Amino acid sequence: MKILAIESSCDEFSISIIDDGKILTNIISSQIDQHVNFGGVVPELAARLHLENISWVIKAALESSNTKIEEIDHVAYTEKPGLIGSLIIGKLVAETIANYIDKPLMPLHHIEGHIYGASIENEFIYPVLAMVVSGGHTQIEIINSPNEFKVIGSTLDDAIGECYDKVARVMGLGYPGGPKIDKLAQEGNKNAFTFPIPKNDESYDFSYSGLKTAVINIIHNLSQKDESIPIVDIAASFQYTATKIIEKKLEKAITEFQPKTLTVAGGVSANSEIRNIILSLGKKYNISNTFVPKMEYCTDNAAMIAKLAYEKIKSSN
């Protein structure tokens, strides 16, 4: 069973081909260099660049996997959530391919795809407790099967990735800011600044707007006083606070839901501190099936959509 999957929800246009669960190819056309000067993703530009890159991405995917388009059995694509223009491009490409080869079309959920991206090289044992951290989402989910996802907590305002990028912009680090803050945090003192722990309660929900404002205010106050800004200490203190609440709420979820698999998904799952938290909690609570995704499957990619499609088809047979 060969599945061709398309991911186009933001500023990457990606096509992956999977054969009986094995990833044959995962071609990603990234647009970071085109958006960096704007300090973030420009939706109209993202959609236009997707159009420019469609042809070579399809060709590269078929050639690198040694696959003929007629050999594809299913076509999957990201239906939602994401930038509407980018999503429409992916949908049209998927529909065109599916109609041309007369094969079934599968519209899939971007976040569910991210979660299954963590299982590309590690099989899930259900129930799964997944921490989803990305530019647009911060949520905890319980997964009982490829068709049973339950969100038990979500962000009430800013997502953690969005918070990282906005703080990085004020720090003068540019876009994307998450990896840069993570790197600087390794050199700083996490106790140099005390920031308010966001949504520090017994719920599973998150809130990062207050933390974002607190960090930005510190930077502005230092700047107005012509005082030096200790970038590495601010980065370390911010990262400690942003991730500490994740650790607290995940630990509560582990004790309540008793998962057999613990993992993390989304672009911010590449963050070193979050990865350490997942692995440490798995060890603390003896969850043997604990893992983090490979770096290449953290950010948006079609392999995660292909894997989700494969697991859904397999579970329905």
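Residues numbered from 1 in each chain as written. Predicted model: local features only at pLDDT ≥ 70, side-chain atom pairs only at ≥ 80, totals over all residues. Heavy atoms only, no water.

## Some words on the overall build of the chain
The helix and strand tally for the chain stands at 10 helices and 10 strands. Relative to the compact-globule value of 20 Å for 317 residues, the chain shows a C-alpha radius of gyration of 20 Å, a close match. Projected onto its principal axes, the C-alpha coordinates of the chain cover approximately 65 × 45 × 30 Å. Across the 317 residues in the chain, those meeting the buried criterion constitute 54%. At a minimum sequence separation of 6, the contacts of the chain that also span at least 24 residues come to 71%. (Helix = DSSP H or I, 4+ residues; strand = E, 2+ residues; numbered from the N terminus. Rg over C-alpha atoms; globule rule 2.2 N^0.38 Å. Buried < 20%, exposed > 50% of the residue type's maximum accessible area, 1.4 Å probe, protein only. Contact = heavy atoms within 4.5 Å.)

## Remarks on the domain arrangement of the chain
Assigned domains within the chain: domain 1 (2-119 + 297-316) and domain 2 (128-293). Distance between the C-alpha centres of domain 1 and domain 2: 27 Å. Counting each side, the surface lost to burial between domain 1 and domain 2 is near 1700 Å², with a carbon and sulfur contribution of 71%. Taken together, the links from domain 1 to domain 2 amount to zero salt bridges. Where domain 1 meets domain 2, there are four residue pairs in polar contact (both at pLDDT 80 or more). Where the side of domain 1 that touches domain 2 is concerned, the elements lending two or more residues are helix H4 (110-117) and helix H10 (302-316). When grouped by side-chain class, the residues that make up the side of domain 1 that touches domain 2 number 10 nonpolar, six polar and four charged. (Domains from an automatic or database assignment. Buried area = accessible area lost by both parts, 1.4 Å probe. Salt bridge = Lys/Arg side-chain N within 4 Å of Asp/Glu carboxyl O. Polar contact = N/O pair within 3.5 Å; in protein donor to acceptor, adjacent residues only side chain to side chain. Nonpolar A, V, L, I, M, F, W, Y, C, P; charged D, E, K, R; others polar.)

## Some remarks on a nonpolar patch on the surface
A cluster of nonpolar residues, Ile-84, Ile-88 and Leu-92, forms a patch on the protein surface that exposes about 300 Å² of accessible area. You can see Ile-88 is positioned in helix H3 (residues 84-101). For Ile-88, a relative accessible area of 40% gives the class partly exposed. (Patch = residues over 30% accessible without salt bridge, like charges linked within 9 Å, V, L, I, M, F, W, Y side chains within 5 Å. Areas by Shrake-Rupley, 256 points an atom, 1.4 Å probe, with all protein chains shown as cover.)

## So, the packing of aromatic side chains
This model, assessed by the stated rule, comprises eight aromatic pairs. The interplanar angle of 65° and the centroid separation of 6.0 Å between the aromatic rings of Tyr-116 and Phe-149 together place this pair among those described as edge-to-face. Residue Tyr-116 is located in helix H4, and its partner Phe-149 is located in strand S8 (residues 148-154); the two are separated by 33 residues in the primary sequence. Note on Tyr-116: relative accessible area 0%, which makes it buried. The interplanar angle of 10° and the centroid separation of 6.0 Å between the aromatic rings of Phe-124 and Phe-291 together place this pair among those described as stacked. Residue Phe-124 is found in the loop between H4 and strand S6 (128-133), and its partner Phe-291 is found in strand S10 (residues 289-291); the two are separated by 167 residues along the sequence. Take Phe-124 and Phe-291: they sit in the same class, and that class is buried. An aromatic cluster of three or more residues is present, and its members are Tyr-116, Phe-124, Tyr-126, Phe-149 and Phe-291. Sitting over the face of the ring of Phe-206, Lys-249 holds its NZ or CZ atom 5.5 Å from the ring centroid. (Phe/Tyr/Trp six-rings, centres within 6.5 Å; stacked < 30°, edge-to-face > 60°. Lys NZ or Arg CZ within 6 Å of the ring centre and 35° of its normal.)

## Digging into the side chain of His-114
Positionally, His-114 belongs in helix H4. Those residues in contact with His-114, other than ones at most four positions away along the chain, are Ala-265, Gly-266, Gly-267, Cys-298, Thr-299, Asp-300 and Met-304.

## With respect to the packing of H4 against H10
Direction vectors running N to C along H4 and H10 enclose 90°, while the axes themselves pass 7 Å from each other. By the angle between their axes, H4 is roughly perpendicular relative to H10. Contacts from His-110, Glu-112, Gly-113, His-114, Tyr-116 and Gly-117 of H4 reach H10 at Met-304, Ile-305, Lys-307, Leu-308, Glu-311 and Lys-312. Considering only residue class, the contact of H4 with H10 consists of four nonpolar, four polar and four charged. (Axes fitted to C-alpha atoms, helices over the stretch in contact; angles between N-to-C directions. Parallel < 35°, antiparallel > 145°, perpendicular 65-115°, else oblique.)

## Let's talk about the sheet that holds S8
With respect to topology, five strands assemble into an open sheet ordered S8-S7-S6-S9-S10, the strand pairing being mixed. Sheet topology places S8 and S10 at the edges, where each strand pairs with a single neighbour. Across this sheet, the average inter-strand angle for adjacent strands is 20°, counted without regard to direction. Relative to S10, strand S9 (residues 261-265) runs parallel, the two being bridged by three bridges. Note on S10: the bridge partner recorded for Leu-262 is Thr-290. Running at roughly 160° to S6, helix H8 (residues 231-257) makes contact with S6, strand S7 (138-145), S8 and S9 of the sheet. Those strands touched by helix H9 (residues 272-284) are S6, S9 and S10, and its axis lies near 175° from that of S9. (Pairing = 2+ DSSP bridges.)

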